[in-house]
Amino acid sequence: MTLLTDKKIILGVTGSIAAYKSVELASKLTQAGALVDVIMTDAATKFVAPLTFQSVTGRKAFTDLWGDEAHVIHVGLGESADVLVIAPATANTMAKIAHGLADDLLSVTALAARCPILIAPAMDGGMYAHPATQSNEKILRARGIIFVGPAEGRMASGLSGKGRMVEPQELLGHIRYTLSRGGAFANKKVVVTAGGTQEDIDPVRFISNHSSGKQGFAVAQAALDRGADVTLITAPTNQIAPIGVNLINVRSADDMGDAVLRAVADAEVLIMAAAVADFKPEASAEQKIKRGAITTYQLQLTKTIDILSAVAEQKEKTGKPKIVVGFAAETQNLIDNAREKVLKKKLSLIVANDVSAKDAGFFVDTNRVTIIDAGGGAQTLPLMSKAEVAEAVCERVERLLS
Ligand code: CTP
């Protein structure tokens, strides 16, 4: 079960060349477990065939060929949907919905809908900038309709400007965020850290580790999916931040420490998935260290801040954050070392993983972890994706919060 499992999503598709991107969106949503009902305007069917959508969703794609079921469709779909997404939305469809016109199945459904509505406009830059469209957008926004995009870039007309439909992946993030609000972590601030910190030796070199940030970013997504307000404090990674996080970029352990201590002051939960350097160069050289005639080079290291211990100290005074979860990357004596860390760092839970295993840890999308609680109780999970590990961790946090 994920956030999107069995969610009823109506995908309205209107007449823009960007309609082909919606096929990918429909496919991604379906793969994530959602039930996607597509409603196409007449103009949309000129760009993409209904059969294309039917093939990726496995469900009927509705068109304006009003059949006997039309009435049932618009009321039924509109009232039972979890979200209505109109992507791409033309200026014409925006205008119709803004003014309550209902002359095709999509605009009728929009009028009947009682769920959140997301609109991803797609049109020529001039049309989007036109006062009529701008004023329609204002009306729709005032009614609580969520706009995603349009993005800047090259458009089908060959011109550049603001009017491109956003990419399906981004839209998916917004849909996910919208569906998640009101979940078990609603109104709770969750701080998550990710990535491997970088400790400068000189302006061009640093000490770091193999952390990819994947596990931390997955935890941030899982907390978002439960409706949390998520602050993600990350060292440099190649990961794309989930839509809806408050992203704070840092590099060194010291910077991460400052950011974490500030962020947890009003947070319920801290999940420290970052691989924080334990040592840093005593001083970072101001200029690049030259190779010159040097044959050996001694780098003097000093300890960095232990962020979790500093958090424990702050928590004693403020009571925040209520729940603190650490991660333990070990290469030997996994459980014993992790049990020791839970106590030493005063954690609610620690997620221990053996990073020497080939199918778990740094370089892969899977992980094999044992979750240990403050009493030493251990829950060993089978090999699973990092997203599933993130779900399991948030599930445990949810139990502690309630
Ligand atoms: N951690 C931290 N500050 C550090 C180092 C680690 O807050 N300077 C956090 C990590 O984010 C992780 C947990 O502490 O959640 C355990 O990290 P790990 O590297 O396994 O433990 P260490 O404290 O470094 O202990 P050891 O070197 O003995 O393994």
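Heads up: the structure comes first, above all this text.
Because the structure is a prediction, the values reported are computed rather than measured.

Enquirer: Lay out the sheet that holds strand β21 (residues 378-380) with the relevant residues and their values.
Expert: Taken in spatial order, the 8 strands line up as β13-β12-β9-β14-β17-β18-β20-β21 in an open sheet, and their pairing is mixed. Here the strands that pair on one side only, and so sit at the sheet edges, are β13 (246-249) and β21. Taking the axes of each pair of neighbouring strands and ignoring which way they run, one obtains an average angle of 15 degrees across the sheet. Relative to strand β17 (residues 323-330), strand β14 (residues 269-272) runs parallel, the two sharing 4 bridges. Across the sheet, residue methionine 272 finds its bridge partner in β17, namely glycine 326. Sitting on the sheet, helix α13 (residues 334-344) is in contact with β17, β18 (349-354), β20 (369-373) and β21, with an inclination near 155 degrees to β18.

Enquirer: Break down the site of the ligand for me, citing the residues and quoting the values.
Expert: For the ligand, the set of nearby residues contains 16 residues, the closest of which are Ala274, Ile305, Phe327, Lys341 and Lys345. Within the side chain of lysine 345, one N or O atom sits 2.5 Å away from an oxygen atom of the ligand. Computed on the free molecule, the ligand has an accessible area of 560 Å², of which 78% lies beneath the protein chains in the complex. Broken down by secondary-structure element, the contributors of at least two residues to the shell around the ligand are α12 (307-318) and β17. For the shell around the ligand, the element with the highest residue contribution is β17, accounting for 4 residues. Its residues placed into classes, the shell around the ligand shows 10 nonpolar, 2 polar and 4 charged.

About the cut-offs
- Residues numbered from 1 in each chain as written.
- Predicted model: local features only at pLDDT ≥ 70, side-chain atom pairs only at ≥ 80, totals over all residues.
- Heavy atoms only, no water.
- Pairing = 2+ DSSP bridges.
- Helix = DSSP H or I, 4+ residues; strand = E, 2+ residues; numbered from the N terminus.
- Axes fitted to C-alpha atoms, helices over the stretch in contact; angles between N-to-C directions.
- Contact = heavy atoms within 4.5 Å.
- Near = heavy atom within 4 Å.
- Polar contact = N/O pair within 3.5 Å; in protein donor to acceptor, adjacent residues only side chain to side chain.
- Areas by Shrake-Rupley, 256 points an atom, 1.4 Å probe, with all protein chains shown as cover.
- Nonpolar A, V, L, I, M, F, W, Y, C, P; charged D, E, K, R; others polar.

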